Amino acid sequence: MNRSFRLFSIGPRIQKQGVRLVVTSALRLRILSLGAFSREVVVEPRKGWLMIHDRQFWFVERTRLIPFEQVEVVTYGFEDWTFGGWFSRARDTQELFRVGLRLRNGKEFDLFRFYGEGHFVNESYFPDWWFWEDFLTDLSGTQEQESRALVELLSKMMGVKVDRPRF
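Draft legend 1. Region of the structure containing the overall build of the protein chain. The number of helices and strands found in the protein chain is three helices and 12 strands. For the protein chain, the residues scored as buried account for 42% of the 167 residues in total. Summarising the internal contacts of the protein chain: among those between residues at least 6 apart in sequence, 53% fall at separations of at least 24. Counting every atom, the protein chain has about 10,400 Å² of accessible surface; 59% of that belongs to carbon and sulfur.

Draft legend 2. How the structure looks around the environment of Pro67. Secondary-structure assignment places Pro67 in strand 7 (residues 60-67). Pro67 sits 16 residues away from Met51 along the chain, and the two C-alpha atoms are 8.7 Å apart. If sequence neighbours within four positions are ignored, Pro67 has contacts with Gly48 and Trp49.

Draft legend 3. How the structure looks around the side chain of Ser38. Summarising the element assignment, Ser38 is placed in strand 5 (residues 38-44). Excluding residues within four positions of it along the chain, Ser38 makes contact with Ser25, Arg30, His53, Asp54 and Arg55.

Draft legend 4. Spotlight on the environment of Leu103. Within the secondary structure layout, Leu103 lies in strand 9 (residues 90-103). Note on Leu103: relative accessible area 8%, which makes it buried. Apart from residues lying up to four places away in sequence, Leu103 is in contact with Ile66, Gln70, Val71, Glu72 and Phe109.

Draft legend 5. Focus on the pattern of salt bridges. The full count for this structure, using the stated rule, is nine salt bridges. Salt bridges linked by common partners bring Glu79, Arg98, Asp110 and Arg113 together as one network.

Draft legend 6. Molecular detail of the packing of aromatic side chains. Counting across every chain of the model gives three aromatic pairs. Pairing Phe37 with Phe57 gives two aromatic rings, centres 5.1 Å apart and planes at 65°, and the pair type is edge-to-face. In this pair, Phe37 sits in the loop between helix 1 (27-32) and strand 5 while Phe57 sits in the loop between strand 6 (49-56) and strand 7, placing the two residues 20 residues apart along the sequence. Exposure remark for Phe37: the relative accessible area of 39% places this residue in the partly exposed category. The exposure class assigned to Phe57 is exposed, which follows from its relative accessible area of 51%.

Draft legend 7. Structural detail: the side chain of Asp110. Tracing the backbone shows Asp110 in strand 10 (residues 108-122). Classification of Asp110 by relative accessible area gives buried; the value is 14%. A polar contact is formed between the side chain of Asp110 and the side chain of Arg98, at a distance of 3.3 Å. Within the local environment of Asp110, its side chain forms a polar contact with the side chain of Arg113, the two groups lying 3.0 Å apart.

Draft legend 8. Just the environment of Ala149, in detail. Position of Ala149 relative to the elements: it lies in helix 3 (residues 143-158). We classify Ala149 as partly exposed; its relative accessible area is 37%. Along the chain, Ala149 and Ile14 lie 135 residues apart, while their C-alpha atoms are 9.4 Å from each other.

Draft legend 9. Region of the structure containing helix 3. Here helix 3 contains 16 residues, and its C-alpha end-to-end distance of 22 Å stays within 8% of the 22 Å for a straight helix at 1.5 Å per residue. Listed as buried for helix 3 are Gln143, Glu146, Ser147, Leu150, Val151, Leu154, Ser155 and Met158. End-on, the buried residues of helix 3 take up no more than an arc of 165°, which puts them together on one face. Following helix 3 by one or two positions, Gly159 has its phi on the positive side, about 70°.

Rules behind the numbers
- Residues numbered from 1 in each chain as written.
- Predicted model: local features only at pLDDT ≥ 70, side-chain atom pairs only at ≥ 80, totals over all residues.
- Heavy atoms only, no water.
- Helix = DSSP H or I, 4+ residues; strand = E, 2+ residues; numbered from the N terminus.
- Buried < 20%, exposed > 50% of the residue type's maximum accessible area, 1.4 Å probe, protein only.
- Contact = heavy atoms within 4.5 Å.
- Areas by Shrake-Rupley, 256 points an atom, 1.4 Å probe, with all protein chains shown as cover.
- Salt bridge = Lys/Arg side-chain N within 4 Å of Asp/Glu carboxyl O.
- Phe/Tyr/Trp six-rings, centres within 6.5 Å; stacked < 30°, edge-to-face > 60°.
- Polar contact = N/O pair within 3.5 Å; in protein donor to acceptor, adjacent residues only side chain to side chain.
- Expected span 1.5 Å × (residues − 1).
- Arc of directions from axis to C-beta.

Okay, here's the thing in structure tokens:
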């Protein structure tokens, strides 16, 4: 039994404003950093560009405008951040999904990261029912669905393919 809730994940806010796509840093992260760090990405499909606005340490702001022609692929990666996962073959995972861009000049960078509670994984010799408490009470976040939705939107809006990050 698998139930996904947004409460168990941290990811950016994705919204549509007219034909534009606006993605902003997660509210929880902005609160935890006391507003010191934030990112906003605006995709303008009619104008053919992507704008990235970063704020670091309250006062340092940077805005980059990237034409779609400079984007080679949208990158999409996954990492299992489960602490102590090597000790137990049956565990509840902690997942990190990374969404980024690879430019035609070879530069690659993350746009956003989606982190959250993953699903129960059983790689042991015992059946799932052996771990019935973990299996029945498995709650997970929506980080996989939300990151995949963002990747598909970016790929279709910019007309590029999706690939794994190189780093």
